[in-house]
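# Per-entry structural report
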Amino acid sequence: GGGRGGGFTVTTPLYYANASPHMGSAYPSIAADALARYARLQEPAGSVHFVTGTDEHGEKIAESAARAGVATAAHVAAVSSEFRSLWEKLDVRFDHYVRTSADAKHQSLVREVVGRVQERGDIYKAAYTGKYCVGCEEFKQENDLEEGGVCPIHRTPCEERSEENYFFRLSKYQEDLEELLANNPDFVRPEARRQEVLGWLKDGARDFSISRASVEWGIPIPGDDSQTVYVWFDALLGYISALLAEGEGLEEACERGWPAKVHIVGKDILRFHCVYWPAMLMSAGLPLPGGVYGHGFLTKDGLKMGKSLGNVLDPVELVDTFGADRIRYFFLKEIDFGSDGDFSEVRFIDTVNADLANDVGNCLNRTLNLLKKNCGGLLPIDSSAIVVDHPVRAAAETAVRTYPRAMDVLDFNMACTSAL
């Protein structure tokens, strides 16, 4: 489990406080919430830590706020509260919510970790010239880009930038990372994602810049106010700072639920979680998480969702129309966690009607109402009195065994099916 005292810590990504939440952020939160509820059935009270929150620093956020004509702090506060209110609507019951730009405990933890990594000799200063994508907030290798230096994710040409930055010696941890993946095949799941990470390591873990000279909206580098901490080096540490009370630091982290049992993330941010993050933790002398689960992307009616196509699935509208339980059920049952999944309203309504209204609804209606009517609401027979090979008993026992096996490996589809 989690920290020294056992327990279970599960995290969603810290959502980027750039724009309103979309279904792509609601999806991993629903999954993490289902997992946290399952853990709470087994762990002692108070030992399950479900962590979520918002990642609020970086150039892209400052630019969005400037375009909207609002102060950056007000912009991120408004977006963060939209996430919180959506989680409430979806009945996502987190234990810890961190805001990277507003929580003093987070800022001081980031400074503490940068200090530790500096002491380890893993930070150095160097000049760098390269192609920079503001959308990704990272320098790109030529072979990551499409023709004309275009970022394949944001479809925009990257800028040529020269900066003197602080770098993290990721290359020093190449062998440790290879060993981690070899000795712990479950560290990255599902298997297709693990192969992707092994491929990146094969290409070589390159040192990456952990500061930005041109970005003011961030945490200053300890000892050099002219630079701020790179958004990913800052945001990943939110998983730990979320667990702490004000005034606590690395000393307390392991008593508070670190290491996490599992990080649930989208496959687009896998490299940061499976290559950068473990190396940062090794450098800071912190225990590693149990693993990372990379889920797929959502499409709508078979098409990639996007503002330009006007087919974005608005989770607030969806929950207002159909209610949280139906939405939670559909996304957990109908999408194979780890693969890309499609939402179509017709399939959604058919699934919910067939499974929840007809099967579960009718079953409850017939059993509970008939019990009330004929037996005064009491069970007429003790299950131990039923013959051992009774088909109802056999079906119940199989389902009870299947459900935890499915949940333990984050197979939500199988878990839902076994419960029906």
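First, a word on what this report is: a plain description of the structure on this page. All of these numbers come straight from a predicted model, not from anything done at the bench. (Residues numbered from 1 in each chain as written. Predicted model: local features only at pLDDT ≥ 70, side-chain atom pairs only at ≥ 80, totals over all residues. Heavy atoms only, no water.)

Turning our eyes to something else, we now look at helix α6 (residues 191–203). With 13 residues, α6 should cover 18 Å at 1.5 Å per step; its first-to-last C-alpha distance of 19 Å lies within 8% of that length. Within α6, burial applies to R193, R194, V197, W200 and L201. Seen along its axis, α6 keeps its buried residues to an arc of 120°; they face one direction. Away from its buried face by more than 90 degrees, α6 exposes A192, K202 and D203. Elements that come into contact with the buried residues of α6 comprise α5 (174–183), β8 (188–189), α10 (270–284) and β14 (292–295). Just downstream of α6, G204 is the residue with a positive phi angle, here 105°. (Helix = DSSP H or I, 4+ residues; strand = E, 2+ residues; numbered from the N terminus. Expected span 1.5 Å × (residues − 1). Buried < 20%, exposed > 50% of the residue type's maximum accessible area, 1.4 Å probe, protein only. Arc of directions from axis to C-beta. Contact = heavy atoms within 4.5 Å.)

The next thing to look at is the pairing of β14. Across the two faces of β14 the burial is the same, with V292 and G294 and Y293 and H295 all buried. Sheet topology note: the β8/β14 ladder contains two bridges and is parallel. Across the sheet, residue R189 finds its bridge partner in β14, namely Y293. Sheet topology places strand β13 (residues 262–266) next to β14; four bridges connect them, and they run parallel. Opposite G266, over in β14, you have H295 as the bridge partner. (Pairing = 2+ DSSP bridges.)

Let us now look at the pairing of strand β12 (residues 224–229). Sheet analysis places strand β10 (residues 211–212) next to β12, joined by two bridges and oriented antiparallel. Paired with S211 across the bridge in β12 is V229. Inspection of the sheet shows strand β11 (residues 220–221) paired to β12 by two bridges, in the antiparallel sense. Note on β12: the bridge partner recorded for I221 is D224.

Further remarks concern the packing of α5 against α10. Packed helices, taken two at a time, are described by the angle their axes make and the gap between the axes. Following both chains from N to C, one finds α5 and α10 inclined at 110°, their axes separated by 10 Å at the closest point. Relative to α10, α5 is oriented roughly perpendicular. The handedness of the crossing between α5 and α10 is right-handed. On α10, the residues that touch D176, L177 and L180 of α5 are C274, V275, P278, A279 and M282. (Axes fitted to C-alpha atoms, helices over the stretch in contact; angles between N-to-C directions. Parallel < 35°, antiparallel > 145°, perpendicular 65-115°, else oblique. Left-handed = near helix turned anticlockwise from the far one by under 90°.)

On to helix α11 (residues 315–322), then. Within the sequence span of α11, burial applies to P315, L318, V319 and F322. Across the axial projection of α11, the buried residues extend over an arc of 95°, all falling on one side. Of the exposed residues in α11, the ones pointing more than 90 degrees away from its buried face are E317, D320 and T321. If you follow the buried residues of α11, they end up packed against α1 (23–40), α3 (72–89), α12 (324–333), β17 (341–343) and α13 (345–375). Two or three places before V316, at the start of α11, stands the capping residue D314, its side-chain oxygen 3.0 Å from that residue's backbone nitrogen. Within two residues after α11, G323 carries a phi angle of roughly 90°, on the positive side. (Polar contact = N/O pair within 3.5 Å; in protein donor to acceptor, adjacent residues only side chain to side chain.)

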